[in-house]
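Residue strings, one per chain:
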Amino acid sequence: MKTRFAFFVVLIAALVLAACQPGAAGGTIKISVLAPMSGQVATFGDSTAKGVQLAAEEWNAKGGIDGKTIEVVVKDSQCSADPAVNAMNQVVGEGGKFVIGEVCSSASIPVSEIAEANKIIQISPTSTNTTVTLNADGSTKQFVFRACFIDPFQGKVMAKFAAEQGHTTAFIMFDQGNDYVRGLAENFEKAFVEAGGTILGKETYTKNDTDFSAILTKVADSKAEVLYLPDYYNIVNLVGAQAKEKGVTAVMMGGDGWDSADLDVTAAEGGFFSNHYSPEDTRPIVQSWVAAYQKKYDGKTPDALATLGYDAANLLFAAIDQADTSEDTAKIAETLAAIEYEAVSGKITFDAQHNPVKSAVVLAVKDGKVSFSASVAP
Ligand code: PHE
């Protein structure tokens, strides 16, 4: 009786184990996605997770990586340092080896330190602040990569665009406490001045501010032709609406943080922002990606977050595949550093700081729609 009972217990345990490892004669490879699934910029997380999941599904449909099934686990890290560190500590506790995320630089920076200390491969799909991949002494973090361009380039793209549109004066407003926003503001200022422009004013606010009228009065009084606002869409929606109420005539310009299905196109009407990709790009790789995404997600058009989530995931899967190991992360990091990968957002090869060198696009918010305006090579 006793033996039969023991046999039964072992059998159940085996069944449970098998059920936990979907489809896998060869086991699973777990990928943790750290992204804002709730809070003020939740569209960022939704898109990123959808992009990663689609990439994983495509690989799994082709047999996974070396017979192993890719398993995607999404953790809500809210685009902010503390929840992101908590989520990353969970990854460490679970023995995780691969992270796609975070989306926002202020969250990716502390996460990258934990990744580096624990030999966990981190690819941020979208964090554009330079310090994400760098140690304090300026050396490159061995295990940390990104799938996007960086803000010195992004700031220059919009400064050059503004100058080419004939604008000679700008006013900058930014959230001092956000690494991405602050960095992009600095990079725009530098490049705009280099292009012959003048900055007529700079004002800061904090992330929970909702009333921008005092700053916007200064913007109006300065008569600046451009208002540079490199923040996320939730702030752009507030500032844009208040600027229109006040009759501010400056052309609003910003960066990739504007990219969201929840960008208020009425508030942002007349504005321009730099971004990583345009769904209007006619390259076949872009068009088949847009079609695959629309098919899976009820006709939704992928934004840059979804696209870079997909690119970052494919990059990681290709590196694991090419390195012939899902255990030795040092070898995978070495493979990534030397990879050449044809991604949707452009061909990816890494420079010495683990940054891809890629083109940017400028998108216009016009007649209630976001559309392609220009492409800018590095
Ligand atoms: N680049 C932003 C950051 O570093 C994140 C972002 C990328 C947001 C793309 C929207 C679109 O914080």
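Residues numbered from 1 in each chain as written. Predicted model: local features only at pLDDT ≥ 70, side-chain atom pairs only at ≥ 80, totals over all residues. Heavy atoms only, no water.

### Here we look at the site of the ligand
Of all residues adjacent to the ligand, which total 13 residues, the nearest are Ser105, Thr126, Thr128, Tyr232 and Asp256. Here an oxygen atom of the ligand sits 2.5 Å away from a polar atom, N or O, in the side chain of Ser105. Alone, the ligand offers 330 Å² of accessible surface; in the complex the protein occludes 100% of this. Taken together, the residues of the shell around the ligand break down into 6 nonpolar, 6 polar and 1 charged. Each of domain 1 (28–149 + 282–358) and domain 2 (152–275) accounts for three or more of the residues forming the shell around the ligand. (Near = heavy atom within 4 Å. Polar contact = N/O pair within 3.5 Å; in protein donor to acceptor, adjacent residues only side chain to side chain. Areas by Shrake-Rupley, 256 points an atom, 1.4 Å probe, with all protein chains shown as cover. Nonpolar A, V, L, I, M, F, W, Y, C, P; charged D, E, K, R; others polar. Domains from an automatic or database assignment.)

### Here's the deal with the domain arrangement of the protein
Many structure descriptions define interface size as the accessible area lost when the parts assemble. Split by domain assignment, the protein resolves into domain 1 (28–149 + 282–358) and domain 2 (152–275). Once you take the C-alpha centre of each, domain 1 and domain 2 turn out to be 28 Å apart. Between domain 1 and domain 2 lies a buried interface of about 1500 Å² when both sides are counted; carbon and sulfur atoms form 54% of it. Across the contact surface, domain 1 and domain 2 share 7 residue pairs in polar contact (both at pLDDT 80 or more). Counting residues per element, the ones that place at least two in the side of domain 1 that touches domain 2 are α2 (42–61), α4 (105–117) and α10 (304–323). (Buried area = accessible area lost by both parts, 1.4 Å probe. Helix = DSSP H or I, 4+ residues; strand = E, 2+ residues; numbered from the N terminus.)

### Thoughts on the pairing of strand β14 (residues 369–376)
Pairing geometry for strand β13 (residues 360–366) and β14, over 7 bridges, is antiparallel. Note on β14: the bridge partner recorded for Ala364 is Ser371. Joining the antiparallel neighbours β13 and β14 is a turn of 2 residues, in which Asp367 adopts a positive phi near 50°. (Pairing = 2+ DSSP bridges.)

### Describing the state of the cysteines
Evaluated as defined, the whole model comprises 1 disulfide. Across the disulfide from Cys79 sits Cys104; the S-S distance is 1.9 Å. In this structure, the disulfide formed by Cys79 and Cys104 twists by about 60° around the S-S bond and is classed as right-handed. With Cys79 in the loop between β2 (69–76) and α3 (81–93) and Cys104 in the loop between β3 (98–101) and α4, this pair connects stretches of sequence that are 25 residues apart. (Disulfide = S-S within 2.5 Å.)

### A word on the sheet that holds strand β5 (residues 144–146)
Strands sit in the order β2-β1-β3-β4-β5 across an open sheet of 5 strands; the sheet is parallel. Of all strands in the sheet, those bounded by a partner on one side alone are β2 and β5. For this sheet the average axis-to-axis angle between neighbouring strands, irrespective of direction, equals 25°. Pairing analysis gives 3 bridges linking strand β1 (residues 28–35) to β3, with the strands arranged parallel. Counterpart to Ser32 in the pairing with β3 is Val99. In the packing of α10 onto the sheet, the strands contacted are β1, β2, β3 and β4 (121–124), and the crossing angle to β3 comes to about 160°. Of the strands in this sheet, β3, β4 and β5 are in contact with helix α11 (residues 329–337), which crosses β4 at around 35°. (Axes fitted to C-alpha atoms, helices over the stretch in contact; angles between N-to-C directions. Contact = heavy atoms within 4.5 Å.)

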